[in-house]
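Tertiary structure, described
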Amino acid sequence: MSMDGSHDQELEDLELFQRHVGDRFSDLLSSTTEDPSSDALLSIAWLRKLLDELLCCEAEFKAVLMMGREPSQISKPPLDRLLPEFLDRVVKSLDVCNAVALGLDAVKNLQRLAEIAVAALEPRPIGDGQVRRAKKALNSLVTAMLHEDGNNAKGTERSRSFGRRGGGNNANKERSAASFRSMSWTMARNWSAAKQIHAMSSNLQAPRGGEASGLASPVYIMGTILVFVMWTLVAAIPCQERNGLGTHFSLQRQLGWAQPMIGLQEKIAEEWKKKEKKGSVGLLEEMQKMEKLGQSLIEFADSFQFPAETERLDEVKGQVEELGEICRKMEEGLEPLQQQIREVFHRLVRSRTEFLLVLDQAGKLSTPAV
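Note that the structure is a prediction, hence the values are computed from the model and not measured.

Cut-offs applied
- Numbers given for residues are sequential positions, taken from 1 along each chain in its written order.
- In keeping with the predicted nature of the model, local features appear solely for residues at pLDDT of at least 70, side-chain atom pairs appear and are counted solely at 80 or more, and the whole-chain, interface and lining totals rest on all residues.
- Values reported for side chains reflect all heavy atoms of the structure, with hydrogen atoms and water molecules removed beforehand.
- Here the axes come from fitting lines to C-alpha atoms, over the contacting stretch only for helices, and the angles between their N-to-C directions go from 0 to 180 degrees.
- Segments assigned H or I by DSSP are reported as helices when at least four residues long, segments assigned E as strands when at least two residues long, and all are numbered from the N terminus.
- Reported orientations rely on four angle classes, namely roughly parallel under 35 degrees, roughly antiparallel over 145, roughly perpendicular from 65 to 115, and oblique for the rest.
- The sense of a crossing depends on the near helix, which, turned anticlockwise from the far helix by less than a right angle, makes the crossing left-handed and, turned clockwise, makes it right-handed.
- In what follows, residue pairs with any heavy atoms lying within 4.5 Å of each other are defined as contacts.
- Residues are grouped as follows: Ala, Val, Leu, Ile, Met, Phe, Trp, Tyr, Cys and Pro are nonpolar; Asp, Glu, Lys and Arg are charged; all remaining types, including Gly, are polar.
- Partly exposed residues are those whose accessible area sits between 20% and 50% of the maximum for their type, while under 20% is buried and over 50% is exposed, using a 1.4 Å probe and protein chains only.
- To pair, rings of Phe, Tyr and Trp, with the six-membered ring standing in for Trp, must have centres within 6.5 Å; the planes then decide the type, stacked if under 30 degrees apart, edge-to-face if over 60, and tilted in the middle.
- In this text, buried Ala, Val, Leu, Ile, Met, Phe, Trp, Tyr and Cys residues form a nonpolar core when linked through side-chain atoms within 4.5 Å.
- In predicted models, pLDDT denotes the confidence assigned by the predictor to each residue on a 0 to 100 scale.
- We call a pair of cysteine sulfur atoms a disulfide whenever their separation is within 2.5 Å.
- Here, expected helix span is obtained from the residue count minus one, scaled by 1.5 Å.
- When a carboxyl oxygen of Asp or Glu lies within 4 Å of a side-chain nitrogen of Lys or Arg, that pair is called a salt bridge.

Comments concerning the packing of helix H3 (residues 79-121) against helix H7 (residues 216-236)
- The geometry of H3 relative to H7 is characterised by a closest axis approach of 10 Å and an angle of 15° between their N-to-C directions. By the angle between their axes, H3 is roughly parallel relative to H7. Where H3 crosses over H7, the handedness of that crossing is left-handed. The residues of H7 that touch H3, namely those facing Leu79, Leu82, Phe86, Arg89, Val90, Ser93, Val96, Cys97 and Val100, are Ala216, Val219, Met222, Gly223, Leu226, Val227, Met230, Leu233 and Val234.
- Each residue belonging to the contact of H3 with H7 can be placed in one class, and the counts come to 15 nonpolar, 2 polar and 1 charged.

Side note on unusual backbone geometry
- Here proline 77 and proline 78 are connected by a cis peptide whose omega angle stands at 0°.
- Mapping proline 78 onto the fold places it in the loop between helix H2 (44-66) and H3.
- Proline 125 follows arginine 124 through a cis peptide bond whose omega is 0°.
- Looking at where proline 125 falls in the secondary structure, it is placed in the loop between H3 and helix H4 (128-154).
- One non-glycine residue, leucine 42, adopts positive backbone phi at about 65°.
- One can find leucine 42 in the loop between helix H1 (2-30) and H2.
- Among the residues examined, leucine 42 registers a relative accessible area of 2% and is labelled buried.

Some words on the packing of aromatic side chains
- Scanning the entire structure with this criterion turns up 8 aromatic pairs.
- Relative to phenylalanine 228, the ring of phenylalanine 25 has its centre 5.8 Å away and its plane inclined at 75°; by these criteria the two rings are edge-to-face. Taken together, the residues span a long stretch of sequence, with phenylalanine 25 in helix H1 and phenylalanine 228 in helix H7 at a distance of 203 residues.
- What makes phenylalanine 25 buried here is its relative accessible area of 0%.
- Here the aromatic cluster, defined as three or more aromatic residues joined through ring pairs, consists of Phe17, Phe61, Phe86 and Phe355.

Observations concerning the nonpolar core
- Counting 114 residues, the largest nonpolar core has Phe25, Leu47, Ile225, Phe228, Met230 and Met290 as its most contacted members.
- For this core, the element with the highest residue contribution is H3, accounting for 21 residues.
- Not counting residues within four places of it along the chain, the set of residues in contact with phenylalanine 25 comprises Leu50, Cys57, Ile225, Phe228, Pro260, Met261 and Leu264.

Description of the confidence of the model for the protein
- When pLDDT is averaged along the protein, the result is 85; 83% of the residues meet or exceed 70.
- Scored below 50 in pLDDT, residues 149-161 shows 32 contacts in the model against residues more than four places distant or in partner chains.
- Scored below 50 in pLDDT, residues 163-185 makes 25 contacts in the model with residues more than four places away or belonging to other chains.

Points about the side chain of lysine 108
- Position of lysine 108 relative to the elements: it lies in helix H3.
- For lysine 108, a relative accessible area of 17% corresponds to the buried category.
- Leaving out residues up to four positions away in the same chain, lysine 108 has contacts with Leu334, Glu335 and Gln338.

Details of the state of the cysteines
- Throughout the structure, instances matching the rule amount to 0 disulfides.
- Here cysteine 56 is not disulfide-linked; the sulfur of cysteine 57 is the nearest cysteine sulfur, at 6.9 Å.
- On the basis of relative accessibility, which here comes to 36%, the residue cysteine 56 falls in the partly exposed class.

Some thoughts on H3
- Between its first and last C-alpha atoms H3 spans 61 Å; for 43 residues at 1.5 Å apiece the expected length is 63 Å, and the two agree.
- Of all 43 residues that make up H3, 31 are buried, and the element is covered over most of its length.

Details of the pattern of salt bridges
- Enumeration according to the criterion identifies 18 salt bridges in this entry.
- Between arginine 69 and glutamate 10 there is a salt bridge whose closest N-O contact spans 3.1 Å. With arginine 69 in the loop between H2 and H3 and glutamate 10 in helix H1, this pair connects stretches of sequence that are 59 residues apart.
- One salt bridge in this structure joins arginine 81 and glutamate 85, with 3.9 Å as the shortest N-O distance. In this pair, arginine 81 and glutamate 85 are both assigned in helix H3, 4 residues apart and thus about one turn of the helix distant.
- Judged by relative accessible area, glutamate 85 falls into the partly exposed class, the value being 23%.
- Taken together, the shared-partner salt bridges in this structure form one network comprising Arg24, Glu53 and Glu60.

What follows is the structure in structure tokens.
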């Protein structure tokens, strides 16, 4: 009776986890199709919701897999193979978090250029000097957007840290570096975001037969969520070397919980195909609007003669106001988004450590006493 009750509870937990994952991603999908006033797909606000869902799914996944279980239960086949693969996926996700946060720094630089243009074109009447200042900033903005991927790939090695600021003794630093190399947060020149995503998804296979109703299922689901979220972030935010990112990983269409994720994946992949031809900086909604407005305002600056026509000035005023609103959204949203990336990074590090400890305990228990 006890074993049957335990098995029934496990099945119930797995079913709930799948349902919650499906519901969370269904909400993310419906917000992009049903309500025009809701956050647009790949906008800053939408990405923040996506990261919230990742954190919720990760917490539930860990509870399903570890809560109330003996270490030996999660070190048996097939988990003895699947968990190390999942933890390797986690390490690769940390590298993606690093690259995305560097990309957000690049987006902030684009925001500053747009703000210069807005400040130049807001005052009335518009004169030649204002237009020259705006044109210089806008040209830099659009050029950076069109070539950001190439610049990142060819640029010098860049680094940033999600670790605690301030000093610390060398022994602690050496221990951190030895135990977890990815915490150093340095992007090598030959690092590729696209290759990293492909490596994460290469051995991601749905469990079959009896494994589909066991603990292999949540490990597969969480691995899929991790790959999808990292793929989405790389598509939206400027990242180093993204060629081939549009070749997205496959999801099993017969799985109910995966349907909304497949819908989102198809939408994002379609947008990527359109933009990849142009060498665009990324699919972040605010950047897409900024690029269009920048191009239009450059055309205005190129043909500007004082005094400009009233009708054209009214049109430019509306575009400048829209560009200013985008800058305000970026000012309000980019830093919290970067903080969420940091939170995801640290959560994944903690979870990886917890799993490694449990696996280590299981290894010690299975080792016969001498």
